[in-house]
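Coordinate inspection notes
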Number of protein chains: 2
Amino acid sequence: MTTFVFGHKSPDTDSTGSPLIWEWFLNHTGTDASAKLLGEPNTEAAFMLERWNLAKPEIIDNVADGQPCVIVDTNNPAELPANINGADVQGIIDHHKLVGGLETAGPIEITIRPLACTATIMHDLMGKHAGCMPENIKGAMLSCILSDTLEFRSPTTTDTDRALAEKLAGELGINIAEYASELFAAKSDVSAFSAAELLRMDSKEYEVEGVKFRVSVLETTSPKMVLDRTAEIMEAMPAVAGEDKVNEVLLFVVDILNEEATMLIPNDLSKRVAEKSFGANVTGNTVVLPGIMSRKKQIIPSLKV
Amino acid sequence: MTTFVFGHKSPDTDSTGSPLIWEWFLNHTGTDASAKLLGEPNTEAAFMLERWNLAKPEIIDNVADGQPCVIVDTNNPAELPANINGADVQGIIDHHKLVGGLETAGPIEITIRPLACTATIMHDLMGKHAGCMPENIKGAMLSCILSDTLEFRSPTTTDTDRALAEKLAGELGINIAEYASELFAAKSDVSAFSAAELLRMDSKEYEVEGVKFRVSVLETTSPKMVLDRTAEIMEAMPAVAGEDKVNEVLLFVVDILNEEATMLIPNDLSKRVAEKSFGANVTGNTVVLPGIMSRKKQIIPSLKV
C-alpha cells in the first residue's frame, strides 16, 4: 500500500517541497510513497514546483482508515486531515513545538529538531542517500530552506540550515540572492487573494490565557501591496474570527528585506496585545515592530493579553 | 543550569540506565547534566547499578518551573512529574507510542524510534562519540538492551538492538547468556514486595472503549514465585484499581525462558478480556498465553473488552 507523505493545510513551500523530498527518499530506499497536499500551494510553493519541473502533488482532504502516512512539517492535528488518528501514521518529521493530540497505535519514527526547515532535517536523516538526490529534489530542498529562513534573515536560521543551502546552491549552480528574490517575489504576489484568504494563508491558532487567536503572518518583499488594503483586511477580521471560532485575528505583515513586521491594530484587544507583547507604542491602525520576523521564535513566545 | 535527565516513574533498567548514559553523553559533549530517578529502581536496575559501579541517581518527585530536562524512555505526562509542562523540556528520546499531552514552549529535539530499547537510540544519536563511552556506560547500555529485549526473545527486538548488544558484550568481554541470567534472576527476586507493589511495579494505564485498565507485567524467570501468591494478588487488585482510579488491573506474569505469559483471572471482566483479546479458553483463575512476551507489541494492541 502506497505511503502518503504530506505537510500541513494551507501548504507553504516547506509543506509542499518536503513531501516531495521525502517521497523521493522513500521510493529511492524501497518504500512505495506518494506526496500529497492538504490544499492549494501558496504562490511561492507554486513557483518552486514550476521552477524545478515538479508535478503538483494531488490535493486530498482526508485520509482513509489504515492509510499509511508520513506527516511532515507539523505535529498538530488541527492542521491535518480530520481522520488522522484513524490513519496508520508511520512517521513524523517536524521542526515545530510538540502540540499534543496526535496518537499512534504503536511506536513510530518521530524526528523533531529545532532547525529552521523540515527539509534540513530530512537531509540529515537521509545519511549517504542524500548524495543521490536528483537536481529537482535538491532544488526543492534549497527552496524550502530559503523560504523558511527568509534567506537566513529569520532568527530560526541555524548554521546547519545555512551550510546545507549553500552546499545545494553550489551543486546546482544557483546564486542564492537572485533565487531568493525570485522566491520572495512569488510569495509577495498576493493581489489575487481576498482579504479573508490573506488572513488564512499562513496562520496558526494559539491560545493565551483563554483567549483564542488566529496568528497570521504574511512574509513579503512588498509590504505596501498588503498595507494598502489595511481597511479592507481589518473589516474582514471579525467574520474570519467568527467562522474559525477564535476570539481575534492578528495579522503581522513581515517585511523580509527591512527585517520588521507591521501589525494591524483594528481594536483595543490587538492594541493591548501589541503593547504588552512587544512593548509597542501604538497610535494608529498599524504599528511597526522592528526586528520581528518569526512567528515561531518571536511572536508566539511573546504573546500576552 | 544543570540539565536533569530522567525516565518514567517506577524506573526499570532502561529508565535507570538511559538517564545515566545520556548524562555521560551530555557532559562529554559540554552540557552540564545530571541523571535523576522518579522512584526507587526495580531489583534488576539496582543490580545493574551495583554490577557496573554506577552511583544510584538522586530520586526526585517533581521538577521546578524552568528546570532544563531531557526526558527519556517515555513521552507520557502520566509517567512524569506533575509539573513537567512547567519545566524547560529540551529533548525527548523514546521508543513508545506517542501519547499526547506533553507540550513544549518551542521546538525541541525529539527522537522516537520503534527500537526495543532507548539506549539503542542513544547509541545512534551519539554518532562518533559512542566510541568514547567508558566501560560502565557500555555496561549500562548492554543491560538496558538485554532487559528490554528479554535477551532478544521479545518481539520488540530489532536487528539494531541485537547487533549493538553483541558489539558491546564483545568489547566488555561479557558472555551474554550468563549476564542475562544474572539480570533476570535479579528482576525475578520480588519476594520482598507486597501484592500491591507487584501490581504497580511495571504497569501502564490504557483505556479500551471507555474501560480504564492498569496493564501490569512481571517479567520473571521464576513465574512460580509470583503465581504461588495468586490468591493474595487477586485480593489486592480491587483496592489498587480503586486507588489508581482505573476500572480493572490486569496482571501478566511473563515467563522469560518459556516465552509465555500467565494472566490472572479474578473476575468475569478479565475472563472476557482474555477470551476476546487473546482467544484464550479460560477455565480457572489463571490462563497461559503462549508466545506473549511484550505489553507494547502484543498485549496493548490486542486488548478488547
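Quick caveat: nothing in here was measured; it's all calculated off a predicted structure.

1. Some points on the overall build of chain A
- Along its length, chain A carries 11 helices and 11 strands.
- Against the globule reference of 19 Å for 305 residues, chain A gives a C-alpha radius of gyration of 19 Å, in line with a compact fold.
- Considered along the principal axes of its C-alpha atoms, chain A spans approximately 60 × 45 × 30 Å.
- Sorting the 305 residues of chain A into buried and exposed places 58% on the buried side.
- A separation of at least 24 residues holds for 65% of the contacts in chain A among residues at least 6 apart in sequence.
- Summed over its atoms, the accessible surface of chain A is roughly 12,100 Å², and 48% of this surface lies on carbon and sulfur atoms.
- Taking the average place of the 26 positive charges on the side chains of chain A and the average place of its 44 negative ones, the gap between the two points comes to 4 Å.

2. A short note on the interface of chain B and chain A
- Contact residues are listed per partner, giving 23 residues for chain B and 23 residues for chain A.
- Of the roughly 1,900 Å² buried where chain B meets chain A, counting both sides, 56% is carbon and sulfur surface.
- Sorting the residues of chain B by area buried against chain A places Leu-98, Pro-107 and Ile-110 of chain B first, and these three jointly supply 32% of that buried surface.
- As a salt-bridge pair, Arg-113 of chain B and Glu-109 of chain A come within 3.3 Å of each other at their nearest N and O atoms.
- Our enumeration of links across chain B and chain A arrives at 10 residue pairs in polar contact (both at pLDDT 80 or more).
- With 4 residues, strand β6 (residues 109-112) of chain B is the largest single contributor of residues to the side of chain B that touches chain A.
- Of the residues belonging to the side of chain B that touches chain A, the class tally is 11 nonpolar, 7 polar and 5 charged.
- Across 3 bridges, strand β6 (residues 109-112) of chain A lies against β6 of chain B in antiparallel orientation. Bridging across to β6 of chain B, Ile-112 of chain A finds its partner in Ile-110 of chain B.

3. Focus: the pattern of salt bridges
Residue and element names in this part refer to chain B.
- Within this structure, the stated rule accounts for 38 salt bridges over all chains.
- Between Lys-36 and Glu-58 there is a salt bridge whose closest N-O contact spans 2.6 Å. Of this pair, Lys-36 sits in strand β2 (residues 33-37) while Glu-58 sits in strand β3 (residues 58-59), and the two are 22 residues apart along the sequence.
- A salt bridge links Glu-151 to Arg-153, with the shortest nitrogen-to-oxygen separation between them at 3.2 Å.

4. Some thoughts on the pairing of strand β7 (residues 203-208) of chain B
Residue and element names in this part refer to chain B.
- The sheet contact formed by β7 and strand β8 (residues 211-220) spans 6 bridges and is antiparallel. Looking at β8, one finds that Tyr-206 is bridged to Phe-213.
- With antiparallel pairing between neighbouring strands as the criterion, β7 and β8 make up a hairpin whose turn holds 2 residues, including Glu-209 at a positive phi of roughly 45°.

5. Regarding the side chain of Ser-203 of chain A
All names here are of chain A.
- Note that Ser-203 resides in strand β7 (residues 203-208).
- Separated by 2.8 Å, the side chains of Ser-203 and Arg-214 make a polar contact.
- A distance of 2.9 Å separates a polar atom in the side chain of Ser-203 from a polar atom in the side chain of Ser-216.
- For Ser-203, the contacting residues outside a window of four places in its chain are Arg-214, Val-215, Ser-216 and Arg-295.

6. With respect to the domain arrangement of chain A
All names here are of chain A.
- The assigned domain composition of chain A is domain 1 (3-187) and domain 2 (195-302).
- Centre-to-centre, using C-alpha coordinates, domain 1 lies 26 Å away from domain 2.
- Counting residues at the interface gives 17 residues for domain 1, matched by 15 residues for domain 2.
- When the area that domain 1 buries against domain 2 is broken down by residue, the three leading residues are Leu-150, Arg-153 and Pro-155, summing to 38%.
- Here domain 1 and domain 2 share 3 salt bridges between them.
- For Lys-204, the salt bridge is made with Glu-79, and the minimal N-O distance between the two is 3.2 Å.
- Inspection of the region where domain 1 meets domain 2 yields 4 residue pairs in polar contact (both at pLDDT 80 or more).
- A total of 3 residues in the side of domain 1 that touches domain 2 trace back to one element, the largest contributor, which is helix α6 (residues 176-188).
- A class-by-class count of the residues in the side of domain 1 that touches domain 2 yields 6 nonpolar, 7 polar and 4 charged.

7. Describing the sheet that holds strand β11 (residues 286-290) of chain B
Residues and elements named next belong to chain B.
- A sheet is described by the order of its strands in space; here 5 strands give the open sequence β7-β8-β9-β10-β11, paired in mixed fashion. The sheet terminates laterally at β7 and β11, the two strands that pair on one side only. Within the sheet, the average angular offset between the axes of one strand and its neighbour, ignoring direction, is 25°.
- By the bridge criterion, 5 bridges tie strand β10 (residues 260-264) to β11 in an arrangement that is antiparallel. Counterpart to Ala-261 in the pairing with β11 is Leu-289.

What counts and how
Residues numbered from 1 in each chain as written. Chains lettered and ligands numbered in written order. Predicted model: local features only at pLDDT ≥ 70, side-chain atom pairs only at ≥ 80, totals over all residues. Heavy atoms only, no water. Helix = DSSP H or I, 4+ residues; strand = E, 2+ residues; numbered from the N terminus. Rg over C-alpha atoms; globule rule 2.2 N^0.38 Å. Buried < 20%, exposed > 50% of the residue type's maximum accessible area, 1.4 Å probe, protein only. Contact = heavy atoms within 4.5 Å. Areas by Shrake-Rupley, 256 points an atom, 1.4 Å probe, with all protein chains shown as cover. Lys, Arg positive; Asp, Glu negative; His and termini not counted. Charge placed at Lys NZ, Arg CZ, Asp CG, Glu CD. Buried area = accessible area lost by both parts, 1.4 Å probe. Salt bridge = Lys/Arg side-chain N within 4 Å of Asp/Glu carboxyl O. Polar contact = N/O pair within 3.5 Å; in protein donor to acceptor, adjacent residues only side chain to side chain. Nonpolar A, V, L, I, M, F, W, Y, C, P; charged D, E, K, R; others polar. Pairing = 2+ DSSP bridges. Domains from an automatic or database assignment. Axes fitted to C-alpha atoms, helices over the stretch in contact; angles between N-to-C directions.

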